[in-house]
Amino acid sequence: MTTIRRFCCNDLLRFASVNLDHLTETFNMSFYMTYLARWPDYFHVAEAPGNRIMGYIMGKVEGQGESWHGHVTAVTVAPEYRRQQLAKKLMNLLEDISDKIDKAFFVDLFVRASNTPAIKMYEKLGYVVYRRVLRYYSGEEDGLDMRKALSRDVEKKSVIPLKRPVTPDELEYD
């Protein structure tokens, strides 16, 4: 049976095997610790029996006004646990927190334009491509900014696609 719980400091020493996928962005320890300290509600791990980490999601809430949104910084599932709806469960958890607790207008994420399986999964979960970000990943590969409107965005304004691609320096960060 899978257990989904809040990520804790000890997990930082146990989740490296989940990050081995070449499409998974990895960060330094202080980056993970910052998320854990500032947005603990947005950082969860899925565990298999025997306490083996199956996957995790980390994110945050940011923005102002109608740009107030949940953001998926990373979601990944170890290869041996894929195709079991685990990423969907983790995404739904982050969306629910963004929607019901933080009253966000939408959830967004960035994905490599070449990562077709992830893009298809996000589309099945209701995400749309909001904009293309040129050379987002290491100045080489384009990224797609995908969004899903939440209940507060009644008119779905947050997911109306931009008509032109943007560059990383045009992105707004909090």
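Right above here is the structure, for reference.
Note that the coordinates shown come from a computational prediction; the quantities given were computed from them, not determined experimentally.

1. Describing the packing of aromatic side chains
At step 1: Enumeration over the complete set of coordinates arrives at 13 aromatic pairs.
At step 2: Judged by centre distance (6.2 Å) and plane angle (65°), the rings of F7 and Y56 are edge-to-face. With F7 in the loop between strand 1 (3-6) and helix 1 (29-38) and Y56 in strand 3 (residues 52-62), this pair connects stretches of sequence that are 49 residues apart.
At step 3: Relative to Y35, the ring of F31 lies with its centre 4.9 Å away and its plane at 40°, an arrangement referred to as tilted. Within this pair, F31 and its partner Y35 are both found in helix 1, separated by four residues, close to a single helical turn.
At step 4: On the basis of relative accessibility, which here comes to 6%, the residue Y35 falls in the buried class.

2. Considering unusual backbone geometry
At step 1: Unusually for a residue other than glycine, R83 sits at a positive phi of about 65°.
At step 2: Along the polypeptide, R83 turns up in the loop between strand 4 (69-77) and helix 2 (86-101).
At step 3: For R83, a relative accessible area of 85% corresponds to the exposed category.
At step 4: Of note in this structure, Q85 is not a glycine but carries a positive phi near 70°.
At step 5: Within the fold, Q85 resides in the loop between strand 4 and helix 2.
At step 6: Looking at Q85, the relative accessible area reads 48%, which means it is partly exposed.

Reading guide: rules and limits
- Residues numbered from 1 in each chain as written.
- Predicted model: local features only at pLDDT ≥ 70, side-chain atom pairs only at ≥ 80, totals over all residues.
- Heavy atoms only, no water.
- Phe/Tyr/Trp six-rings, centres within 6.5 Å; stacked < 30°, edge-to-face > 60°.
- Helix = DSSP H or I, 4+ residues; strand = E, 2+ residues; numbered from the N terminus.
- Buried < 20%, exposed > 50% of the residue type's maximum accessible area, 1.4 Å probe, protein only.

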